[in-house]
Amino acid sequence: MKKIAVLTALLFMALQMGYAQKVGLVLSGGGAKGAAHIGVIKALEENGIPIDYITGTSAGAIVGSLYAMGYTPEEMVNLMLSEEFSYWQTGTVENEYKYYFKRPDPTPEFGHFSIDMTDSLQVKANFFPQSLINPIQMNQAFMALFSQATAKAGWNFDNLFVPFRCVASDIYSKKAIIFKNGDLGDAVRASMTFPFFFQPIWKDSVPIFDGGIYDNFPVGPMKEAFHPEFIFGSTVAGSNNKPSSNPYNQLETMIMQKTEYDVPEEEGMMIKFSFPTVSLLDFQKSRELMDIGYKRTMAMMDSIKARVSRRVDLDEVNKRREAYKQSLPPLIFQNIYVTGVSESQRKYIEAQLHRDINHEFSMEEFKRAYFKMLTYSKIKEILPHAVYNRKEKKFDLYLDVKMKEEITVGFGGNVSSYQANQLFLGLGYQYLGRFAADVNSNFQVGNSFSGVMLSGRIYLQTRIPTYLNWQGVFSEKKYSESQSLFYEDVLPAFIRQKELYTKVKLGFPFLNRAKAEIGFAYGRLNDYYFQTSNMTFPNATSDHSWYDLFAGSLSIERNSLDYKQYPISGRKQFLVAQYVTGKENYRPSPLTDMGAFDRKIHSWLQMKGEWEQYRTLSSHFNLGFTSELVISSKNLMNNYTASVLQAPAFTPTPHSQIVFNEAFRANQYVAFGLSPIWKFSKLLHFRLDMYGFAPLYEIKKEEIWNNNTYSAIPYYGKFLHSFKYMGEAALVLQLPFANISLYANGYSYPSKNFNFGLNIGYLIFNPKMLD
């Protein structure tokens, strides 16, 4: 009897050893809170608890898919905390991929809307984007992240390092969709597409959204697909039913339908987390959340081990994981297939992807071409897919391209307590065929500046990227003596400058993030001015100088400043060399006696350099540096005022651009500035901008009164004999569409020249002919 009992016990133990207890891990959705799942996985791995299958929804799909294709917990959390991941979730393009060569000139635009011209019988105005987060980053990132694992698995999720399922939602049929095969990146992208935040992918002509809408805790798909003996569930949603003031949490509550966050006791165990203060996109808290997930799982580890008898050695798991990663095919592309475009557009797109001697290109090379094609382009969106070609042992690149058939209407300007109210309207259209082209026009009207600019840019299909740009500009700038608040009793302008010119520029990239331009311009510059204040408005007649000029220029520019006005980070470098020649004409007023004047020929060389840079010294303090140098062989004009008006001006602040201050104008000068900046938040900062200005040779005047007539003879002063300064303190709120600045400033000349005011918008004007 005793022998029978022993044999029975041995047989039972043998059966137990031969019985491989399978464990499934189920991960809920919950946005950034899903980082706690990583801690759960880490605790299970370290204690030898096997993870044989994994299912997830939304954030659970992200964590689950990464683990299913061989990521360690540490690699997962490092990815979520990386700058690259922040670019994906915000849609921001990193500086090294911004194609500065195609960047248009800055305008005072607040925002824009598009008029869809695809249907000739209907014109639609599209005011709002399809999603809050631009999909430009996620489209390429998910291909890079998941394509190799998709290829290795042969489009079957059972063949991943860990078999995997994820859930998405078909809101039209009102049902959950379970992804078990296909492109892994598409599956995860669909599962995490939270409505309004991310743009959906389409399957069978239906947009697919976040799986949490119908099944945020996929226990059912786990049992249906894998039939595990033990299920361990981790949920970071559903446990907080209290009202929240957080708009992300409110939106989540509205969209997500009721889900049962439960694993039956006889089928397994689960752990529930509550993070009421963590919002959908708080991925910067990933390590903190992972640590919480790890500690909570470790606290219940004895209970888990009591239910799961099977163990796997972590070293063995790591060896298999490393072998799996080594077996992934390299992401090298060879063939390109483009859909959604015309034949000429297809050839243009293919020409942007430069292959090596083996007719291949890497993911990095595609990424650069991808952002280049989408930068300020007619191309609306590119959906890339990498499909493994087992015969060639390379990937084929499939690009589904969506084009814009629309006119863009931009609007903006400035609202000011000073004389700087401006209204801006812009129109733009883009063409893409054998070549790419942009056509733009803008109109500005205001107290200080009015003008119109027409421009066109053609991108030539040359070996070195090149564009040919044409500009036609008419502008009028006025300087008034009045400084009254909101324009009560405004005096007439005492100086008016008009420009009418056309310019042609040939541009090409210079180094990595800069561009060079060769330009030729011809135009007429008109100055209307009074040389003395001894006159009676409004019947006074002004002096008139006009110049018919031709200019040739060579410039190099780089600009990574974060804002087009009041920047706090980045760098701008600009260098231009010009040759200018032309005729000066002059008609005096009755009060002016400058004698007989024949048209004078002027020719000069001029070089201007600008350097503006901002450095982050701490989380709350930045420091900016500015320097500017102008060297010129320019002669003086017929009179003092004409000479000063045509001299380059140092105008580093918005206010200095709308006032005429002769002390900060010279044909040759050096200037510098220092800007300490205190940051109260990402949007609000206080800055103190301090500038010094030293003309190499100050333009001075000799005043002559002859009876009732006046003349001012210009001449150059001594070398570096003058120094002027200006300063401005500003509290700046940088909104996504404009900035609001409350400022106070002062100038060393005229004495006691202090100003304060409020600006809402941008003081950015059309370029001058000799800029």
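Just so it is clear, the model here is predicted, and its values are computed rather than measured. Throughout this document, residue positions are counted from 1 along each chain, in the order its sequence is written. pLDDT decides what is reported in this predicted model: residues at 70 or higher carry local features, side-chain atom pairs at 80 or more are listed and counted, and totals for whole chains, interfaces and linings draw on all residues regardless. For the side-chain quantities, the full set of heavy atoms in the structure was used; hydrogens and water were omitted.

*Asks:* Tell me what's going on with the UniProt feature "active site" (unreviewed entry) in the chain, and back it up with residues and numbers.
*Replies:* In the numbering used here, UniProt assigns the "active site" (unreviewed entry) feature to Ser58 and Asp210. Taken along the chain, the residues just named run across 153 residues; in space they keep tight, none of their C-alpha pairs more than 6.1 Å apart. Its place among the elements puts serine 58 in the loop between β2 (53–57) and α3 (59–68). Those residues in contact with serine 58 that lie beyond four places of it in its chain are Gly29, Ser191, Met192 and Asp210. Helical segments are the DSSP runs of H or I of at least four residues, strand segments are the runs of E of at least two, and each set is numbered from the N terminus. Relative to the assigned elements, aspartate 210 resides in strand β8 (residues 206–210). UniProt positions are given in the numbering used here, feature names are shortened, and annotations may be inferred rather than shown by experiment. The contact definition used throughout considers only heavy atoms, calling two residues in contact when any of these lie within 4.5 Å.

*Asks:* I'd like a description of the confidence of the model for the chain, backed by residues and values.
*Replies:* Each residue gets a pLDDT score, which is the predictor's confidence in that residue and runs from 0 to 100. When pLDDT is averaged along the chain, the result is 87, and 88% of the positions lie at 70 or above. Under a pLDDT of 50 for its full length, residues 482–492 has, in the predicted model, 24 contacts with residues more than four places off or in other chains.

*Asks:* Quick rundown of the packing of aromatic side chains? Include the residues and the values.
*Replies:* Within 6.5 Å between ring centres, the rings of Phe, Tyr and Trp (the latter by its six-membered ring) count as paired, and their orientation is classed by plane angle as stacked under 30 degrees, edge-to-face over 60, tilted in between. With the rule as written, the count across this model stands at 37 aromatic pairs. Centroid distance tyrosine 431 to phenylalanine 435: 5.4 Å. Interplanar angle 50°. Geometry classified as tilted. Taken together through their ring pairs, the aromatic side chains of Tyr97, Phe333, Phe361, Phe366, Tyr370, Phe371, Tyr388 and Phe395 make up a single cluster. Throughout this description, the term charge over a ring refers to an Arg CZ or Lys NZ atom that lies within 6 Å of the ring centre and within 35 degrees of the ring normal. Above the face of the tyrosine 100 ring, lysine 515 is positioned so that its terminal group lies 5.7 Å from the ring centre.

*Asks:* So what about the sheet that holds strand β11 (residues 332–339)? Which residues, and what values?
*Replies:* Two strands qualify as a pair provided that DSSP identifies no fewer than 2 bridges between them. The sheet built from four strands is open, its strands ordered β12-β11-β14-β13 with mixed pairing. A strand with exactly one partner marks an edge of an open sheet, and here the two such strands are β12 (361–362) and β13 (379–389). In this sheet, strand β14 (residues 394–403) lies alongside β13 in antiparallel orientation, the contact comprising 10 bridges. Paired with proline 384 across the bridge in β14 is leucine 399. Lying on the sheet, helix α6 (residues 136–153) is in contact with β11, β13 and β14; it crosses β13 at an angle near 10°. Packed on one face of the sheet, helix α14 (residues 363–374) meets β11, β12, β13 and β14 and runs near 160° to β13. To obtain each axis, a line is fitted to C-alpha atoms, and for helices this fit is confined to the stretch in contact; angles are then taken between N-to-C directions over 0 to 180 degrees.

*Asks:* So what's going on with the nonpolar core? Which residues, and what values?
*Replies:* Counting 75 residues, the largest nonpolar core has Leu44, Leu160, Phe164, Leu184, Phe232 and Ile304 as its most contacted members. If one sorts the elements of this core by residue count, α6 sits on top with seven residues. The residues contacting phenylalanine 232, other than those within four sequence positions of it, are Gly24, Leu25, Val26, Val40, Leu44, Met269, Ile271, Thr297, Met300 and Ile304. Grouped together as the second largest cluster of nonpolar side chains are 34 residues, Tyr97, Val338, Val401 and Tyr459 included. What we call a nonpolar core is a set of buried Ala, Val, Leu, Ile, Met, Phe, Trp, Tyr and Cys residues that are connected through their side-chain atoms within 4.5 Å. Here the term buried applies to any residue with accessible area under 20% of the maximum for its type, exposed to any over 50%, and partly exposed to those in between, with areas from a 1.4 Å probe on protein chains only.

*Asks:* Tell me about the side chain of glutamine 137, and name the residues and values.
*Replies:* For glutamine 137, the position within the fold is in helix α6. In contact with glutamine 137, not counting residues within four places along its chain, are Tyr87, Trp88, Gly91, Thr92, Val93, Glu94 and Phe371.

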